[in-house]
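Architecture and fold: a report
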Amino acid sequence: MPAPFDGPADCDVAVGEVPPPHDAITIDSDDETGIRVSRDAVRRDRVTFVYADGTRFLVEDRGRRITTSWTSTPEDMATYLLGPILAFVLRSRGTLALHASAVAIEDRAIVITAAGTGGKSTTAAALVRRGASMLTDDVAAIEWRDDAAFVRAGYPRLRVWSDSARALYGSEDALPLITPSWSKRYIDTREHFVATTTRIATIAILAGRARQTSIREILGHEAAMALLARSSVPHLLGPHERVAELEEITRLVSHVRVLEVIAKDDLEDTATLAARLLEASAIR
Amino acid sequence: MLRAAPHVVFKRVGDELVLLDYHQGLYYGLDPIGSRMWDLVVEGRDVEAIVTTLIREYETTEATLRHDVAELVDELMTLGLLESE
């Protein structure tokens, strides 16, 4: 991680044997993705993630210690680790994390979230090409300072599907694959990365596609409900964490502008979408 | 008498409310008038008192209000968000 830290590490990741959970309470089991998440019934701070490709994680003490093993590739393991596993660690420590990307324009951030494959990383990439700095992809951790909402920097990669790679760079082969076993590619954004926790100006929610781009501000319960649907790993939260999430999201929508974006159904037009977003965010 | 179910938490956003049923992990949004009705319900007012209060606050007919309050209460009871004491 390139971000400078001025304190001791608070998350120790080790490669080692992850024993199958026993006496475990299943938190999540998804036949489609083949993921199983379970909590140790006795030592409740131990949560085991087992992926269909054999990758395993044991997360202990709210992520103070993570042990992993894999049978596929280290790139596959790292993809899980930097995505859902660290999102789970953040959330179990009480930090709100949105399933979102974020970029910075000078000292203000635009957080971009979407449902599923809604194009948040592609839009972030288009904003970076227009001069924005890269902050994070996939997991946007929210932090409060003096009653203002900030987003933490992540790591300098944006992950996009092949069609986005073609739209942005003319050919999918312009970008390397994240792992040999997955068709998703990455953009190395080290040159445009800022490792700075940045105050949020706007959260843009990519809500769908239509013939023309439209952007409107949403408020109140509509904004809160839209963001609640786009938090990271909500299915892994317990009741107390859900209550904390509601508190955080309602606070967030009271402090930052939330935009609902219907994007033109044309990936080639992502640059125009980026310009419209900058305009609507009142950031030049 | 009606009251919020014990597994329901609600938070205000402006003049609207978001309700969480944390047993189900489900969220619900209420618009300003729905939120006002909820506030009156959890203050312990019965349907009659809610209608009497809201008729002073909104430009609508008593019949419409009575219908809307009954419909919302019914829906919230069905969803398990409100319950009878």
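1. As for the overall build of chain A
Across its full length, chain A holds six helices and 16 strands. For a compact globule of 284 residues, the expected C-alpha radius of gyration is about 19 Å, and chain A comes in at 19 Å, within 12% of that figure. With respect to the three principal axes, the spread of C-alpha positions in chain A is 55 × 45 × 40 Å. By residue count, 51% of the 284 residues in chain A fall in the buried class. Contacts in chain A between residues at least 24 apart in sequence constitute 65% of all its contacts with a sequence separation of at least 6.

2. A few points about the environment of Gln24 of chain B
For Gln24 of chain B, the location among the structural elements is in the loop between strand E3 (16-21) and strand E4 (26-30). With 33 residues separating them along the chain, Gln24 of chain B and Glu57 of chain B place their C-alpha atoms 34 Å apart.

3. A look at unusual backbone geometry
All names here are of chain A. One non-glycine residue, Arg62, adopts positive backbone phi at about 50 degrees. For Arg62, a relative accessible area of 52% translates into the label exposed. In this model, Val233 sits at a positive phi of 40 degrees, which is unusual for a non-glycine residue. Position of Val233 among the secondary structure elements: in the loop between helix H4 (220-228) and helix H5 (239-255). Using a relative accessible area of 12% as the deciding quantity, one classes Val233 as buried.

4. Quick look at the environment of Tyr155 of chain A
With respect to the helices and strands, Tyr155 of chain A occurs in the loop between strand E11 (148-151) and strand E12 (157-160). By relative accessible area, Tyr155 of chain A is classed as buried at 12%.

5. Overview of empty space enclosed by the protein
By the definition in use, this model includes two cavities of 30 Å³ or more. Roughly 50 Å³ of volume is contained in the largest cavity. What lines the largest cavity is simply Arg209, Thr213, Ala263, Lys264, Asp266, Asp269, Thr270 and Leu273 of chain A. The residue makeup of the lining of the largest cavity, split by class, is two nonpolar, two polar and four charged. Lining the second largest cavity we find Met37, Trp38, Val41, Leu72, Val73, Leu76 and Leu82 of chain B.

6. What about the packing of helix H2 (residues 47-57) of chain B against helix H3 (residues 62-78) of chain B?
Residues and elements named next belong to chain B. Contact geometry for H2 and H3: axes closest at 10 Å, N-to-C directions at 135 degrees. With respect to each other, H2 and H3 are oriented oblique. Regarding H2 and H3, the two cross each other, and that crossing is right-handed. Mapping the contact onto sequence places Val47, Glu48, Ile50, Val51, Leu54 and Ile55 in H2 and Glu62, Leu65, Arg66 and Val69 in H3. Looking at the contact of H2 with H3 residue by residue, the classes come out as seven nonpolar, no polar and three charged.

7. A closer look at the sheet that holds strand E2 (residues 8-13) of chain B
Residue and element names in this part refer to chain B. A sheet is described by the order of its strands in space; here three strands give the open sequence E2-E3-E4, paired in antiparallel fashion. Every other strand in the sheet has two partners, leaving E2 and E4 as the edge strands with one partner each. Between one strand and the next, the sheet's axes are offset by a mean angle of 20 degrees, whatever the strand orientation. Bridge count for E3 against E4 is five bridges, and the pairing is antiparallel. The partner of Asp21 across the bridge, within E4, is Leu26. Sitting on the sheet, helix H1 (residues 32-42) is in contact with E2, E3 and E4, with an inclination near 65 degrees to E3.

Parameters and conventions
- Residues numbered from 1 in each chain as written.
- Chains lettered and ligands numbered in written order.
- Predicted model: local features only at pLDDT ≥ 70, side-chain atom pairs only at ≥ 80, totals over all residues.
- Heavy atoms only, no water.
- Helix = DSSP H or I, 4+ residues; strand = E, 2+ residues; numbered from the N terminus.
- Rg over C-alpha atoms; globule rule 2.2 N^0.38 Å.
- Buried < 20%, exposed > 50% of the residue type's maximum accessible area, 1.4 Å probe, protein only.
- Contact = heavy atoms within 4.5 Å.
- 1 Å grid on protein atoms, 1.4 Å probe; cavity = no way out; pocket = protein on both sides within 12 Å on 5 of 7 lines; lining within 4 Å.
- Points joined across faces, edges and corners; volume = space filled by probe spheres on them.
- Nonpolar A, V, L, I, M, F, W, Y, C, P; charged D, E, K, R; others polar.
- Axes fitted to C-alpha atoms, helices over the stretch in contact; angles between N-to-C directions.
- Parallel < 35°, antiparallel > 145°, perpendicular 65-115°, else oblique.
- Left-handed = near helix turned anticlockwise from the far one by under 90°.
- Pairing = 2+ DSSP bridges.

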